[in-house]
Amino acid sequence: MISKVKIKHIQSLQEKKKRYSEKLFVVEGKKSLLEIWNSSFQIMELYVTKDFFYEIEHLQTNNIKNIFIISQNELNSISFLMKNNTGIAIVKMPESPFSLPHADEWTIFLDSISDPGNIGTIIRIADWYNIQKIYASPDTTDIFSPKVVQACMGSITRVHFFYTPLIPILGQKQCTVYGATLDGESLHNTAFQKKGILLVGNESKGISQECISFIDKKITIPKFGNAESLNVAVATGIICDAFMRS
C-alpha cells in the first residue's frame, strides 16, 4: 500500500522548484511509460496496476530501481491525469551536456513559449523530423512539467532540449536563421538552405525584438482563409515539413 508520505512526495513534483531540487520528474500513461522504459532514462520508482504489470513484466528492467503494484484507487491518488489505468514513473532528470548548434543540422529555437501543450507538441514534431536539438529561452515553460511530458509522448527521450539565453548563440551562428513571422516571405516561395535554425516566438507576442535582429530570412505560412493566426506548434510543424522537402 502506498503511504501518505509517498503520495505527498509524488504530488509535490508538480512544482518546478521541487522537481529541480530533487532532479526528478513524473511520466504517466502507457505510451509514455513504454517510451521511458525503452530509453536510457533512469526510472527511480514505477507504480503500476496489476494488469499493466502483467503486460510489461517480460520486458528488461535494467534502468528501473523499484517497481510497485498498486490499486486503481491508489493510482488515482497520485496521477496528474484525468484518466490513467496503467501507471506512473518517477524518473531521474537526464544530464545532457550543452552543445552549440552545428552548421550541418536543423535546430529549433523557442523564444518565450509558454503553453505546455505547445512545448510538448514541438518536441514531438522535432522527433518526427529527426531534429535532435531544441534551444529555449530561460522563460520558456519547463519541459519536465507533467503537462509537457504527457504532450510529447516519449519524444523527450530522443530530443536534446537546452534552456539558454538565445542572443549569445544567435550571435555566433554558422547557418541561416529563419524566423516565423506574419510579415515574412511566403513559405511557398522560399528557397531554403539544406540546414539552418528555425526561430519561433511567444504565442501572443511573437519573436522578441532582441531576437528579430538576428533573423536572416523572415518566413510566413500563406493564409487562404480568415483565421487571424496559427497555433505556434502547428506552424512549427508546417515549416519543418517545408524544410525537409527543400
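Before reading further, recall that the structure is shown in the block above.
Residues numbered from 1 in each chain as written. Predicted model: local features only at pLDDT ≥ 70, side-chain atom pairs only at ≥ 80, totals over all residues. Heavy atoms only, no water.

A.B. asks: Quick one: what's the story with the pattern of salt bridges, residue by residue and with numbers?
C.D. replies: Tallied over the full model, the rule gives 12 salt bridges. Its salt-bridge partner being Arg158, residue Asp127 comes within 2.8 Å of it at the nearest N-O pair. Here the residue Asp127 occupies a position in helix H6 (residues 116–128), and Arg158 occupies one in the loop between helix H7 (146–152) and strand S7 (160–163), the gap between them amounting to 31 residues. Here Asp241 ties to Arg245 by a salt bridge, and the two come within 2.8 Å at their closest N and O atoms. Taking relative accessible area as the criterion, Asp241 reaches 27% and is therefore assigned partly exposed. Take Arg245: its relative accessible area is 64%, and that puts it in the exposed class. Three or more residues joined by partner-sharing salt bridges are found here, namely Lys31, Glu35, Asp127 and Arg158. (Salt bridge = Lys/Arg side-chain N within 4 Å of Asp/Glu carboxyl O. Helix = DSSP H or I, 4+ residues; strand = E, 2+ residues; numbered from the N terminus. Buried < 20%, exposed > 50% of the residue type's maximum accessible area, 1.4 Å probe, protein only.)

A.B. asks: Give me the nonpolar core: which residues, what numbers.
C.D. replies: With 48 residues, the main nonpolar core has Leu46, Leu110, Ile123 and Ile134 as its most contacted residues. In terms of residue count, helix H10 (residues 232–244) provides more of this core than any other element does, six residues in total. Not counting the four nearest positions on each side in its chain, Leu110 is found in contact with Ile119, Ile122, Ile134, Tyr135, Ala136, Ser137, Thr140, Phe161, Leu166 and Val200. In terms of nonpolar packing, the next biggest core, distinct from the first, is built from 13 residues, Phe109, Val177, Leu199 and Ile207 among them. (Core = buried A, V, L, I, M, F, W, Y, C linked by side-chain atoms within 4.5 Å. Contact = heavy atoms within 4.5 Å.)

A.B. asks: I'd like to hear about the sheet that holds strand S9 (residues 196–201), residue by residue, with values.
C.D. replies: Judged by pairing direction, the sheet is parallel, and its six strands sit side by side in the order S7-S6-S5-S9-S8-S10 without closing on themselves. Two strands bound the open sheet, and with one partner strand each, they are S7 and strand S10 (217–220). Shown here is a sheet whose adjacent strand axes are inclined to one another by a mean of 35°, direction ignored. Where strand S8 (residues 177–186) meets S10, five bridges bridge the pair, whose relative direction is parallel. Paired with Tyr178 across the strands is Lys217, a residue of S10. Most of the contacts of H6 go to strand S5 (residues 106–111), to which it runs at about 170°, and overall it touches S5, strand S6 (133–136) and S7. Here H10 sits on the sheet and contacts S5, S8, S9 and S10; the angle it forms with S9, its principal contact strand, is near 165°. (Pairing = 2+ DSSP bridges. Axes fitted to C-alpha atoms, helices over the stretch in contact; angles between N-to-C directions.)

A.B. asks: An account of the packing of aromatic side chains is needed here, citing residue identities and associated values.
C.D. replies: One pass over the structure, following the stated rule, counts 15 aromatic pairs. Between Trp106 and Phe243, the aromatic rings sit 3.9 Å apart at their centres with planes inclined by 5°, giving stacked as the arrangement. Of the two residues, Trp106 is situated in strand S5 and Phe243 in helix H10; the sequence distance between them amounts to 137 residues. Centre to centre, the rings of Phe192 and Phe243 are 4.9 Å apart; their planes meet at 80°, and the pair counts as edge-to-face. One end of the pair, Phe192, is in the loop between S8 and S9; the other, Phe243, is in helix H10, and 51 residues separate them in sequence. One exposure class covers both Phe192 and Phe243, and it is buried. A connected cluster of aromatic rings, assembled from ring pairs, spans Tyr20, Phe25, Phe41 and Phe144. (Phe/Tyr/Trp six-rings, centres within 6.5 Å; stacked < 30°, edge-to-face > 60°.)

Geometric descriptors of this kind do not, in isolation, establish any biological role.
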